[in-house]
Amino acid sequence: MSSSSQAPESWISAFCSLVGHEYFAEVSEDFIEDDFNLTGLQSQVPMYKEALEMILDVEPEDASDEEEEEEDEDEDEDEMLDPEGKSYRQADAAERRHLRMASDLSVIESSAEMLYGLIHQRFITSRQGIQQMAEKYELGHFGHCPRVHCYGARVLPVGCSDIPGQETVKLFCPSCLDVYTPPNSRFQTVDGAFFGTTFGCLFFMTFPELDVGGDKPAPPPPAPLVDPLATGPSSTTAAGTKTARSSLSSSLTSPQPATAPHNTSASATANANPVPLPPQPDNINGVSPHNLAPGLGHGNIYEPRIYGFRVSEVAKTGPRMKWLRSKPGDANELDESAIWAAAQAAKAGAADADAEMPDQGAGEVEDEEMEGVGEVVAKGGKGRRRENGGGGDGGLNGNGNGVGVGTAVRAGSGGG
Amino acid sequence: MREPNGHTAPSIESLEAFTRTWTMEDFASDTDSDYTSYWRDWFIAARGNEYFCEIDEDYLTDRFNLTGLNTEVQYYQYALDLVTDVFDMEVDDDMREQIEKSARHLYGLVHARYVVTTRGLAKMMEKFKQGVFGKCPRVICESQHLLPMGQHDIPNVSNVKLYCARCEDIYNPKSSRHNSIDGAYFGTSFHNILFQVYPALAPVKTQRRYEPRIYGFRVHASAALMRWQEERREEMKERLKARGLETGFEDEDEGEEELESEELEEGNGQDGIDDMFEGRMQAVQ
């Protein structure tokens, strides 16, 4: 351990206070000193030992310089005989790793940065580290989502790869479940692997009580003012799910019966759901529904318009990406196991009904249905047609075939 | 700017005059009508006004194009004179500031009308191509160029936003100097009209997306939502196909096999620890 007289500031805190390193947490020395936490890093980082010592401020700078020299001699003695050779070797090193400069100290320095980053990736998924990141998150150190409909939701730094040198750091927005490039170019030198792929999600699973939505303004964007076409339904369906409303709209829509008339108009839009929602679960797939991508769904999707008229989906340049920002109004639609169970029950019922029908007829009906749906499962369609052509030979065979097709169609339409 | 006939002394003088009047405080004292479109040049070049294009003189002077703006803008006539560089009245500083403010407001409102004209669209298209309006912050959009837009056509309601044609979403400008521009100076229609007029500029959409993972495993809550969203997408594709339309997605040539390949992809998840994106980005391995 370095004595307090040597450096007023540790290497770690100096590193974290550098410009562009604002996202980093300060890894505790205890964490680094536990060898278990460093498993496997030795093979990933050149000059591992020196780098680790530098991070921990173990030795004074002079001593570490000497250490390097010795290390060099060990590594390539013949080159050491020739002073030119040394610089060549270093030039190679500089080429291999962008950060390298032509002095050993800077080689170690960049190794130390790499090592620190990789330790950091592990540290921020530990209890202590994630707590530290939570504090930074609360203070808004990582910035806000640039997306308009996320209303400034706070973001987290993440990597898109766990291997260093592939991607720079990105920002994960829990409100729209998407990743963004940091607005400031100084972060484009920070490796994404130093944060890792796991951290973003683990963070929000560790702190499920965090309100991940942004500061959505109390009154909805005054849509009625601008586009009179989008009056009642859009604003009121949104109002149904949100509590805080402007006085005007809440006085209009807060009573339950008032929302009923919008049912019919809302059904026009594909994603709109009946306003009186079925009872919402407290927890959908491990997340409370209000915290599941609050920036997505009805009212948070950009609707392209020209002179107030919506651009049609069938236009050549019409909207095609709404699915990306959509979310069911009814969280129960995401309860896949319940849906699957219901589908199984329905299928069992349907299979019973099939069995009662005459075999030949059932086969034909299924065939037409199949072609109507399109070539979702091209192979299946072909094979079946052939069988059907030679069909009618065995009633049992036809029946079994029909049931199989039934499931294929169902699966196809479910996916499509 | 005028060339001063090769003499050095006058050129410096005029240059000084030019730079002096280039600052906002002095522009009104300059009544030299030789500097054509002087106010507009200044306005376009001012820091923070990069999103604006220059409005043609004849567009500005056609009263038809200004219909209704006189009620919207204070000191309308003075402001218009200032914008068209014919303002030559001695007024005190407060008044000048007021008029200057009105002039900028007027210019913005005319701008919203101008950018949907043929010439305005062409100018904005050039700026779009150069990436003057910035790039989409969304990682999957791969630096798609943005377009400025407003969420409202009424001034003083919301600031300018940036529209990405690849993800069809709107973003806040990252620079605070752009965050103070009124969205109504671009309007709600301009960016959509641009792609109607120049459909070739519309980027191909992508179905790739970010998948949150923990130690390589998809997270159920978000994965379930994404499966739901992808169902909506497939529904939309079916609707489009039923009408014989192109879906506009980049990997549509795979077409029919897509469903199968998606299922396959679910199966071999174990080698996907590092690819956070479906599809292309797997190449990094």
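As shown above, the structure is provided for reference.
Rules of the game
- Residues numbered from 1 in each chain as written.
- Chains lettered and ligands numbered in written order.
- Predicted model: local features only at pLDDT ≥ 70, side-chain atom pairs only at ≥ 80, totals over all residues.
- Heavy atoms only, no water.
- Core = buried A, V, L, I, M, F, W, Y, C linked by side-chain atoms within 4.5 Å.
- Buried < 20%, exposed > 50% of the residue type's maximum accessible area, 1.4 Å probe, protein only.
- Helix = DSSP H or I, 4+ residues; strand = E, 2+ residues; numbered from the N terminus.
- Contact = heavy atoms within 4.5 Å.
- Pairing = 2+ DSSP bridges.
- Axes fitted to C-alpha atoms, helices over the stretch in contact; angles between N-to-C directions.
- Parallel < 35°, antiparallel > 145°, perpendicular 65-115°, else oblique.
- Nonpolar A, V, L, I, M, F, W, Y, C, P; charged D, E, K, R; others polar.
- 1 Å grid on protein atoms, 1.4 Å probe; cavity = no way out; pocket = protein on both sides within 12 Å on 5 of 7 lines; lining within 4 Å.
- Points joined across faces, edges and corners; volume = space filled by probe spheres on them.

Turning next to the nonpolar core. Residues and elements named next belong to chain A. The biggest cluster of nonpolar side chains holds 137 residues, and the ones touching the most others in it are Ile32, Leu115, Tyr116, Phe195 and Phe203. If one sorts the elements of this core by residue count, helix α7 (residues 104-123) sits on top with eight residues. Sequence-distant contacts of Phe203, defined by excluding residues within four places in its chain, comprise Ile130, Met133, Ala134, Tyr137, Leu156 and Leu210.

As a further point, take the sheet that holds strand β3 (residues 169-171) of chain B. Residues and elements named next belong to chain B. In space, the three strands of this open sheet follow the order β1-β2-β3, with antiparallel pairing throughout. The outermost strands of the open sheet, each flanked by one partner alone, are β1 (146-149) and β3. Across the sheet, the axes of successive neighbouring strands diverge by a mean angle of 40°, strand direction being ignored. Bridging between β1 and strand β2 (residues 161-164) involves four bridges; their strand directions are antiparallel. Bridging across to β2, Leu146 finds its partner in Cys164. Sheet contacts for helix α9 (residues 190-197): β1 and β2; angle to β1, the most-contacted strand, approximately 135°.

All names here are of chain B. Packing of helix α2 (residues 38-45) against helix α6 (residues 93-114) brings their axes to within 12 Å, and their N-to-C directions diverge by 80°. The angle between α2 and α6 places the two elements in the roughly perpendicular class. Of α6, the residues touching α2 (which contributes Trp39, Arg40, Trp42, Phe43 and Ile44) are Glu100, Ala103, Arg104 and Tyr107. Here the contact of α2 with α6 is built from residues that sort into six nonpolar, no polar and three charged.

Attention now moves to empty space enclosed by the protein. Per the counting criterion, the structure on display carries five cavities of 30 Å³ or more. The volume enclosed by the largest cavity comes to roughly 110 Å³. Around the largest cavity, the lining comprises 13 residues; the ones closest to its centre are Thr317(A), Gly318(A), Tyr163(B), Asn192(B) and Phe195(B). For the lining of the largest cavity, the element with the most residues is α9(B), which contributes three residues. The residue makeup of the lining of the largest cavity, split by class, is seven nonpolar, four polar and two charged.

From the geometry alone we can't say anything about function, so treat these as descriptive.
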